[in-house]
Amino acid sequence: MASWVRSTILVLALAGVTSAGGVVAQAADDGEAAFRDLYRELVEINTTRSAGSCTQAAEAMRARLLAAGIAETDATILAPADRPQDGALIALLRGSDPALKPLLLLAHIDVVEARREDWERDPFKLVEEGGYFYARGASDDKAMAAAFTDNVIRYKQDGFMPRRGIKLALTCGEETPEVFNSVKWLTQTRPEVLDAAFALTEGAGGELDGEGRPVTLGVQAGEKVYQDFQLSLTDGGGHSSRPKKDNPLIAMSAALVRLGTYRFPVVFNDATRGYYEATAALSPPAVAADMRAVLKNPADEAAIDRLWDVNPGWNSMLRTTCTATMIEGGHAPNALPQRVAVNLNCRILPGVPVAAVQETIQRVLADESIGVEPKGEPGEQTRAPPLTAGIMNPIREVADEIWPGVAIVPTMSTGATDGRYLNATGVPTYGVSGMFFDAKGSYAHGLNERIRVQSLLEGRRFLYELAKRYADAPDPMP
């Protein structure tokens, strides 16, 4: 899972800001016991790449949908013939108007590896302790997968028929896309399966202050494009006792200094502009002044540098970034190097072609003898989806019912989720969960992954109401 830039907690801590009103007590939630049982079953099915099976988890969730009355033909499991363990569940709650494209609820059910000897508790047994659920996948991303599945079951049991259908996709491979990713596979081989008016998925959560009160609710709209480049320089080498004027290591070092001082231009989109506006309103005066200065003049590098010192994410969300991450060169301590290679990792703003970034790198290096070649598959070319009133108003309305006064903060991920594949196909995809975390986070991908019990239950309620409103509303992006 690509973490949301966790900056607001720091700013609020500096400012001493707390949320207004706190959380409204929720009335008894019908079906909570059934949801807890579903969540436990999903979490306790091992879906790691090494020893698990997404198909087993998908089959378990499908059985629950069928028991609720979803037709067998409307709940299918899809996987490549050579990867039967990587099944994805695709289910549909039909709407009253078949001409309307459905709303897609997307969550991945695969999880990162976890070794029992490293954890305080068995990572594949759900443990409730001290107000938290602990297990691998408790947060990333089986929390949303369980909430989405349970909500579709409740819609069906309650006899709710939305105007547009609600499609559920529980997919595999988000954590290991270099091996297999079912969202990518489906968009390439069965694009109609994930076709939708728009989609909700992971990518942004909520943040709590030091007293456990909700302060910000994130809405992710878009993410940067991941792309590695290999920089390479070769030479005939020779004996180190007879240095030559041209040394690949020295030439590459000089070029990297030039690249390290280069700044790609700042470009705002709906999400990043909304993020800066919302965060400025919550920030101490000095930080707020710099944020507003950048909003007024994106070329104000002095203000950006000061913000960069406070939180590197505030710089990276505004511009394409390229940074050297690995270097390899030379073959013996007493020989002149014959080759040096550098891995340059770029995170590219949506809408910026990879080829344009490659051309910029070559120009900034200012050394035609240095080769610049993309590594791996090209990054998904996407544009950030629009944050229209039809998207934002329901979020605001439902949030106010559950967490009065919480700040809604748009954001763009500097990492990556499965949403990049959907955005690339033209399905606007938004990361919003309604699940809140403190400054320590969920420990996703790490030891003792967790989620606050209250956050999970409130997130379930939030997503239930939000999806229901979206599915009954007109086109949110007219």
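What counts, and where the lines are drawn
Here, residues in each chain are numbered from 1, in the same order as that chain's written sequence. Where totals are concerned, whole chains, interfaces and linings use all residues; where local detail is concerned, this predicted model gives features only for residues with pLDDT of at least 70, and gives and counts side-chain atom pairs only at 80 or more. Note: side-chain values were computed over all heavy atoms of the structure, leaving out hydrogens and water. Salt-bridge detection follows one rule: a side-chain nitrogen of Lys or Arg within 4 Å of a carboxyl oxygen of Asp or Glu. Where helices and strands are cited, they refer to DSSP runs of H or I of at least four residues and of E of at least two residues respectively, numbered from the N terminus. Multiply 1.5 Å by the residue count of a helix minus one, and that product is the helix's expected span. Think of it in three bands: residues with accessible area under 20% of the maximum for their type are buried, residues over 50% are exposed, and the middle band is partly exposed, with areas taken using a 1.4 Å probe on protein chains only. Definition used in this section: a nonpolar core is a set of buried Ala, Val, Leu, Ile, Met, Phe, Trp, Tyr and Cys residues joined via side-chain atoms within 4.5 Å. By definition in these notes, contact holds between two residues if any of their heavy atoms fall within 4.5 Å. Here, a strand pair is defined by DSSP locating no fewer than two bridges between the strands. A fitted line through C-alpha atoms serves as each axis, taken over the contacting stretch for helices, and the angle formed by two N-to-C directions is quoted from 0 to 180°. Under this definition, polar contacts are N or O atom pairs within 3.5 Å; protein pairs additionally need one hydrogen-donor-capable and one acceptor-capable atom, and for neighbouring residues in sequence, both atoms have to be side-chain atoms. The predictor reports its confidence for every residue as pLDDT, a score running from 0 up to 100. Whenever a pair of cysteine sulfur atoms sits within 2.5 Å, that pair is classed as a disulfide.

1. Digging into the pattern of salt bridges
In this structure the tally under the stated criterion is 24 salt bridges. Among the ionic pairs, Asp86 bridges to Arg83, the shortest N-O distance being 2.6 Å. One network of salt bridges, in which partners are shared, links Glu32, Arg36 and Glu128.

2. Considerations on unusual backbone geometry
Residue Asp141 is reached from Asp140 by a cis peptide bond, and omega for that bond is 0°. With respect to the secondary-structure elements, Asp141 resides in the loop between strand S5 (132-134) and helix H4 (142-157). Backbone geometry at Ala366 places phi at a positive 55°, although glycine is not the residue there. Mapped onto the secondary structure, Ala366 falls in the loop between helix H11 (354-365) and strand S15 (371-375).

3. Let's talk about H4
The first and last C-alpha atoms of H4 sit 22 Å apart over 16 residues, in line with the 22 Å expected at 1.5 Å per residue. Of all 16 residues making up H4, 14 are buried, and the element is well covered by its neighbours.

4. Brief notes about the nonpolar core
Burial of nonpolar side chains together is a common tendency in soluble globular proteins. Among the nonpolar cores identified, the biggest contains 77 residues, and Tyr39, Ile395 and Phe462 are the most heavily contacted of them. Broken down by element, this core gets its largest block of residues, ten residues, from helix H14 (residues 453-472). Contact partners of Phe462, with chain neighbours within four places excluded, come to Leu217, Ile395, Val398, Ala399, Ile402, Trp403, Val432, Ser433 and Gly434. Counting residues in hydrophobic clusters, the runner-up holds 21 residues, among them Leu231, Met252, Ala255 and Val340.

5. Some words on the sheet that holds strand S14 (residues 339-348)
Strand order in the open sheet formed by four strands is S12-S14-S10-S15, with antiparallel pairing between adjacent strands. Only two strands of the sheet have a single partner each, and these edge strands are strand S12 (321-329) and S15. Here the average twist between neighbouring strands, direction ignored, is 25°. As defined by bridge partners, S12 adjoins S14 across eight bridges and the pair is classed as antiparallel. The partner of Thr321 across the bridge, within S14, is Arg347. Contacting strand S10 (225-234), S12, S14 and S15, H11 crosses the sheet at an angle of about 35° to S10.

6. Things to note about the side chain of Gln220
Of note, Gln220 is situated in strand S9 (residues 214-223). Side-chain polar atoms of Gln220 contact the side chain of Glu223, separated by 3.2 Å.

7. A short note on the environment of Ala143
Mapped onto the fold, Ala143 is located in helix H4. Considering only alpha carbons, one finds Ala143 and Tyr275, 132 residues apart in sequence, at a separation of 25 Å.

8. Observations regarding the sheet that holds strand S19 (residues 450-452)
A sheet is described by the order of its strands in space; here three strands give the open sequence S4-S5-S19, paired in antiparallel fashion. Here the strands that pair on one side only, and so sit at the sheet edges, are strand S4 (127-129) and S19. Across the sheet, the mean angle from the axis of one strand to that of its neighbour is 25°, orientation sign disregarded. As judged from the three bridges shared by S5 and S19, these two strands associate in the antiparallel manner. Across the sheet, residue Phe133 finds its bridge partner in S19, namely Ile451. Across the face of the sheet, H14 comes into contact with S4, S5 and S19 while running at roughly 70° to S19.

9. Quick word on the environment of Arg115
In this structure, Arg115 sits in the loop between strand S3 (103-108) and S4. When the C-alpha atoms of Arg115 and Leu447 are compared, they prove to be 9.0 Å apart, with 332 residues separating the residues in sequence.

10. Details of the confidence of the model for the protein chain
Counting all residues, the mean pLDDT for the protein chain is 92, and 94% of those residues have values of 70 or more. Contacts of residues 1-28 to residues separated by more than four positions or lying in other chains number 83 contacts, the stretch itself having pLDDT below 50.

11. Some words on the state of the cysteines
Cysteine pairs can be linked by a disulfide, which is a covalent bond between their two sulfur atoms. Evaluation of the coordinates by the stated rule reveals two disulfides. What pairs with Cys54 in a disulfide is Cys172, and their sulfur atoms sit 2.2 Å apart. With the S-S bond torsion at 70°, the cross-link from Cys54 to Cys172 turns out right-handed. Of this pair, Cys54 sits in helix H3 (residues 54-68) while Cys172 sits in the loop between strand S6 (166-171) and helix H5 (182-189), and the two are 118 residues apart along the sequence. Given the relative accessible area of 2%, Cys54 is considered buried.

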